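Spelled out, the chains give:
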Amino acid sequence: MRSTKTIAGLIVGSLAVATLAFSSTFAQSPSRATVTHAITSAAPAKAPIVRVSGMDFSFDAPDVIPAGLTDFRFLNKGPALHHMQIFKLEGGKTVDDLRAALANPGPPPAWVKEVGGPNAAAPGLESNATLTLEPGNYALICFVDIGGPPHFMKGMIRAMRVAPSTDASAPTPKVDATATLFDYGFKLSSPIQAGTRTIRVLNSGAQHHEIELVQLSPGASAADFLKWVGKMDGPPPGKPLGGVSGLDVGGSQYFTADFAPGNYALVCFLPDAKDGKPHFAHGMIQQITVN
């Protein structure tokens, strides 16, 4: 994410084009279940789980987590659409420094690194991402714009510190396929079969990219979804399920989703570093079929 745009200008477009109707169509009553936002141990030999909730308009998350491979579970308690972009703040910078950077025009500072995180899922659903975090200062931020100011301007930005850890690193997840992101497209290492599948996401492009997984409505195509994004007339022909938020060049992580048989769209909404257009306008949208 290196351009003459502001950080907000670069990233807000990632979901702004699709959030309004998504939110109105898929809004559900927030879960009444009590959710404990803490670090819990997963099964042996797996990454520890960090549970985070997003709501209108804040994150509920631990203040400090240990370094290493981490499985983030992001519950969208809505009713608006939300995602969880993770930034690493280098050079001792803090969330206050990030807020100041977001408020001022100019190129994004070099100390802001996009390290992914769980992408947007419909209200009431949970998305996930597994990634390795180094010690340091981080920010959780939501750039979704629902016809008004982006959510971080309404308070949906939160500090998180990653502390050094002496625990042995968990092994990386076993993957069913690798999705390679490039300028401007997706390449799957193998077809995705129905069931619970873990996908490794690798950004091999020359700029930042994301992958948003959309379950297309019966009879709908990725082309239909793209037409809808351009007009936003009526309900969207698909449901957002998650994926991986913005990754800097060379970034890699994992997400797991339950794939029912049917058609899906893989989409990158991030704005281009050169012309500011969303990457799907450059062709970064792909339809896949799950059998």
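Residues numbered from 1 in each chain as written. Predicted model: local features only at pLDDT ≥ 70, side-chain atom pairs only at ≥ 80, totals over all residues. Heavy atoms only, no water.

A. Fine view of the overall build of the protein chain. Helix and strand content of the protein chain: three helices and 18 strands. In the protein chain, which comprises 291 residues, the share counted as buried stands at 51%. Intrachain contacts of the protein chain at a sequence separation of at least 6 include 73% that bridge at least 24 residues. Working note: accessible area of the protein chain is about 12,000 Å², and carbon and sulfur atoms make up 53% of it. (Helix = DSSP H or I, 4+ residues; strand = E, 2+ residues; numbered from the N terminus. Buried < 20%, exposed > 50% of the residue type's maximum accessible area, 1.4 Å probe, protein only. Contact = heavy atoms within 4.5 Å. Areas by Shrake-Rupley, 256 points an atom, 1.4 Å probe, with all protein chains shown as cover.)

B. Spatial organisation of helix 2 (residues 95–103). Inspection of helix 2 places V95, L98, A101 and L102 among the buried residues, and these make up the whole buried set. The buried residues of helix 2 occupy one face: seen down the axis, they fall within an arc of 115°. Every exposed residue of helix 2 that faces more than 90 degrees away from the buried side is listed here: D96 and A103. (Arc of directions from axis to C-beta.)

C. Structural detail: the pattern of salt bridges. Applying the stated criterion across every chain yields a total of five salt bridges. With a shortest N-O distance of 3.8 Å, E126 and R51 are connected by a salt bridge. Of this pair, E126 sits in strand 8 (residues 126–133) while R51 is found in strand 2 (residues 49–55), placing the two residues 75 residues apart along the sequence. Owing to a relative accessible area of 41%, E126 belongs among the partly exposed residues under this scheme. Among the salt bridges present, the one from R73 reaches D71, with a minimum N-O distance of 2.8 Å. Judged by relative accessible area, R73 falls into the partly exposed class, the value being 23%. Judged by relative accessible area, D71 falls into the buried class, the value being 12%. (Salt bridge = Lys/Arg side-chain N within 4 Å of Asp/Glu carboxyl O.)

D. Fine view of the sheet that holds strand 9 (residues 136–141). One open sheet accounts for five strands, arranged 4-10-9-6-7; its pairing is mixed. Looking along the sheet, the strands with just one partner apiece sit at the ends: strand 4 (64–66) and strand 7 (112–114). The average angle at which neighbouring strand axes cross in this sheet is 35°, direction not considered. Helix 2 contacts strand 6 (85–89), strand 7, strand 9 and strand 10 (157–163) of the sheet and is inclined by roughly 140° relative to strand 10. (Pairing = 2+ DSSP bridges. Axes fitted to C-alpha atoms, helices over the stretch in contact; angles between N-to-C directions.)

E. The arrangement of the packing of aromatic side chains in detail. In the structure shown here, the tally under the stated rule is six aromatic pairs. On the basis of an interplanar angle of 50° and a centroid distance of 5.8 Å, the ring pair of F87 and F143 is categorised as tilted. Within this pair, whereas F87 is found in strand 6, its partner F143 is found in the loop between strand 9 and strand 10, the two being separated by 56 residues in sequence. Taken as a pair, F87 and F143 share a single burial class, namely buried. Ring plane angle 70° and centroid distance 5.4 Å describe the contact between F143 and F152, whose orientation is recorded as edge-to-face. Looking at F143, the relative accessible area reads 0%, which means it is buried. Given a relative accessible area of 10%, F152 falls into the buried group. (Phe/Tyr/Trp six-rings, centres within 6.5 Å; stacked < 30°, edge-to-face > 60°.)

F. Looking closely at unusual backbone geometry. Note the cis peptide between D56 and F57, where omega equals 5°. Mapped onto the fold, F57 is located in the loop between strand 2 and strand 3 (58–60).

G. View of the sheet that holds strand 18 (residues 285–290). What the four strands build is an open sheet, ordered 15-14-17-18; its pairing is antiparallel. Edge positions in the open sheet fall to strand 15 (238–247) and strand 18, since each of these has one partner strand only. Put simply, the sheet's adjacent strands are angled 20° from each other on average, direction ignored. Relative to strand 15, strand 14 (residues 209–216) is paired through seven bridges, and the arrangement is antiparallel.

H. Summary view of the pairing of strand 6. Most of strand 6 sits out of view: five of its five residues are buried. By the alternation rule, side chains of strand 6 split into Q85, F87 and L89 and I86 and K88, which are all buried. Direction of pairing for strand 6 relative to strand 9: antiparallel, over a ladder of five bridges. Bridging from a neighbouring strand, I86 pairs with L140 of strand 9. As judged from the three bridges shared by strand 6 and strand 7, these two strands associate in the antiparallel manner. Within strand 7, the position partnered with K88 by the bridge is K113.

I. The nonpolar core, seen in detail. Grouped together as the largest cluster of nonpolar side chains are 22 residues, with contacts concentrated most on I211, L213, F255 and F259. Only strand 11 (177–182), strand 13 (195–203), strand 14, strand 15, strand 16 (252–259), strand 17 (262–267) and strand 18 provide two or more residues apiece to this core. Those residues in contact with F255, other than ones at most four positions away along the chain, are N128, R197, T198, I199, V201, I211, L213, G243 and V244. By size, the runner-up hydrophobic cluster in this structure holds 20 residues, among which are A61, Y138, C142 and M156. (Core = buried A, V, L, I, M, F, W, Y, C linked by side-chain atoms within 4.5 Å.)

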